[in-house]
Amino acid sequence: PVLRGLPVATSGILTGTISPATVQTKVYAINASNDTVGTISDVATGGFSIGGLRTGSYKLSLDAQDTTYKDSTINNVSIVAGQTTALGTITLKKK
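These notes cover the structure that comes with them.

Cut-offs and rules
- Residues numbered from 1 in each chain as written.
- Predicted model: local features only at pLDDT ≥ 70, side-chain atom pairs only at ≥ 80, totals over all residues.
- Heavy atoms only, no water.
- Helix = DSSP H or I, 4+ residues; strand = E, 2+ residues; numbered from the N terminus.
- Contact = heavy atoms within 4.5 Å.
- Pairing = 2+ DSSP bridges.
- Axes fitted to C-alpha atoms, helices over the stretch in contact; angles between N-to-C directions.

This part is about the environment of Leu53. Here Leu53 is to be found in strand 4 (residues 47-53). Placed 28 residues apart in sequence, Leu53 and Ala81 show a C-alpha to C-alpha distance of 7.6 Å. Once residues lying within four places of it in the same chain are set aside, the contact partners of Leu53 are Ser11, Gly12, Leu14, Ala29, Val37, Tyr58 and Ile79.

Residue Ser19 is joined to Pro20 through a cis peptide bond whose omega torsion reads 0 degrees. Looking at the secondary structure, you find Pro20 in the loop between strand 1 (12-19) and strand 2 (25-31). Backbone geometry places Asn34, a non-glycine residue, at a positive phi of 65 degrees. Locating Asn34 in the fold gives a position in the loop between strand 2 and strand 3 (36-40). Unlike most non-glycine residues, Asn76 shows phi in positive territory, near 60 degrees. Within the secondary structure, Asn76 sits in strand 6 (residues 72-79).

Quick look at the sheet that holds strand 1 now. Strand order in the open sheet formed by three strands is 4-1-7, and the pairing between neighbours is mixed. Both outer strands of the open sheet, strand 4 and strand 7 (84-91), are each paired with one neighbouring strand and no more. For this sheet, the mean angle separating the axes of adjacent strands, direction not counted, is 15 degrees. Summarising the sheet, strand 1 and strand 7 pair through six bridges and their orientation is parallel. By the bridge assignment, Ile18 is partnered in strand 7 with Ile90.

And the structure:
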């Protein structure tokens, strides 16, 4: 096997926190080509992180696993290779 290091970052990271934290939420980052990368929020902290995202604009889709909360979308989330885009706290709305 050959191990090669890349001298420059080729992807970015998206982070945030779901509130309330106890509502486990599926989080999807979707680019203009409909390529989708997802994760699930941590039920203890509400935190989530999605890595490996190419530079560009993404739609963030939040799928709350508690049916008393609305699913939601955040548009135009900008990702830059080598950087972390921190969205802060995202508060879910009750139905």
